[in-house]
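Each chain is listed here by its residues.
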Amino acid sequence: MLITYDSLTGNVQRFVDKIKNNTHLKATLIAEDTLITSPFIHITYTIGFGEVPKTTKTFLHSNKEMLRGISSSGNKNWGNNFGLAADKIATQYNVPILLKFELAGTDSDVATFLQEVKFIDNQHKQYS
């Protein structure tokens with residue numbers, strides 16, 4: 001399963017680096033014009049008061065058919081707005097939230113994320 005991601009401050013990039021160190025999954029940093037032709041999980045950040053970054057919005061609009069799940073970083077200081085980008089994307093595209101993690105995530109977050117990716121990948125293979 002391909003992992004795509006969007007990072008502004010480096011937190012998502014650090015989370016993805018931890019994933020790369022623990023697995024063979026491929027990860028691609030997106031741009032608004034990135035086109036994906038295989039199923040993927042997207043990791044983004046939450047900006048402002050729980051908003052989805054413009055880069056992620058544009059990317060997902062063009063690649064929605066292949067999106068299989070979403071994760072988002074955030075800061076728990078924002079209370080109910082923590083990782084809210086994931087909630088908005090999950091609702092809009094009817095995909096599961098794999099994980100919402102704080103800042104660059106913990107080793108436990110990485111393990112949870114990888115377990116969820118494996119589950120979704122197995123489901124995809126079963127129904128392909």
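Residues numbered from 1 in each chain as written. Predicted model: local features only at pLDDT ≥ 70, side-chain atom pairs only at ≥ 80, totals over all residues. Heavy atoms only, no water.

Concerning helix α1 (residues 11–22)
Relative to the 16 Å expected for 12 residues at 1.5 Å per residue, α1 spans 17 Å between its end C-alpha atoms, a close match to the ideal helical length. Among the residues of α1, Asn11, Val12, Phe15, Val16 and Ile19 are the ones counted as buried. For α1, the angular spread of buried residues about the axis comes to 135°, placing them on one side. (Helix = DSSP H or I, 4+ residues; strand = E, 2+ residues; numbered from the N terminus. Expected span 1.5 Å × (residues − 1). Buried < 20%, exposed > 50% of the residue type's maximum accessible area, 1.4 Å probe, protein only. Arc of directions from axis to C-beta.)

Description of the pattern of salt bridges
Under the criterion given, the structure shown has three salt bridges. A salt bridge links Lys88 to Glu51, with the shortest nitrogen-to-oxygen separation between them at 3.0 Å. Of this pair, Lys88 sits in helix α3 (residues 84–93) while Glu51 sits in the loop between β3 (40–45) and α2 (54–63); the two residues are 37 residues apart in sequence, bridging distant segments of the chain. Taking the relative accessible area as the measure of exposure, Lys88 reaches 32% and is therefore partly exposed. (Salt bridge = Lys/Arg side-chain N within 4 Å of Asp/Glu carboxyl O.)

A closer look at the environment of Asn80
Inspection of the secondary structure puts Asn80 in the loop between β4 (67–74) and α3. For Asn80, a relative accessible area of 76% gives the class exposed. Put simply, Asn80 and Phe49 are 31 residues apart on the chain and 9.4 Å apart in space, counted from C-alpha to C-alpha.

Brief notes about the packing of aromatic side chains
Scanning the entire structure with this criterion turns up four aromatic pairs. On the basis of an interplanar angle of 15° and a centroid distance of 3.9 Å, the ring pair of Phe15 and Phe101 is categorised as stacked. Taken together, the residues Phe15 in helix α1 and Phe101 in strand β5 (residues 97–102) connect sequence positions 86 residues apart. Across the pair, Phe101 and Phe15 agree in class, each one buried. Consider the rings of Phe40 and Phe59, whose centres lie 5.4 Å apart with planes at 55°: the pair is tilted. (Phe/Tyr/Trp six-rings, centres within 6.5 Å; stacked < 30°, edge-to-face > 60°.)

Considering unusual backbone geometry
The residue Asn94 is not glycine, and still its phi comes out positive at about 55°. Located in the positive-phi region is Leu103, a residue other than glycine, with phi close to 50°. Looking at where Leu103 falls in the secondary structure, it is placed in the loop between β5 and α4 (107–127). On the accessibility criterion, Leu103 (39% relative accessible area) is partly exposed.

Examining the sheet that holds strand β2 (residues 27–29)
What the five strands build is an open sheet, ordered β2-β1-β3-β4-β5; its pairing is parallel. Looking at strand neighbours, the two that pair on one side only are β2 and β5, the edges of this open sheet. Here the average twist between neighbouring strands, direction ignored, is 20°. Across five bridges, the pairing between β4 and β5 is parallel. Residue pairing for β5: Gly74 is matched across the bridge by Glu102. (Pairing = 2+ DSSP bridges. Axes fitted to C-alpha atoms, helices over the stretch in contact; angles between N-to-C directions.)

Distances and angles like these do not, on their own, reveal function.
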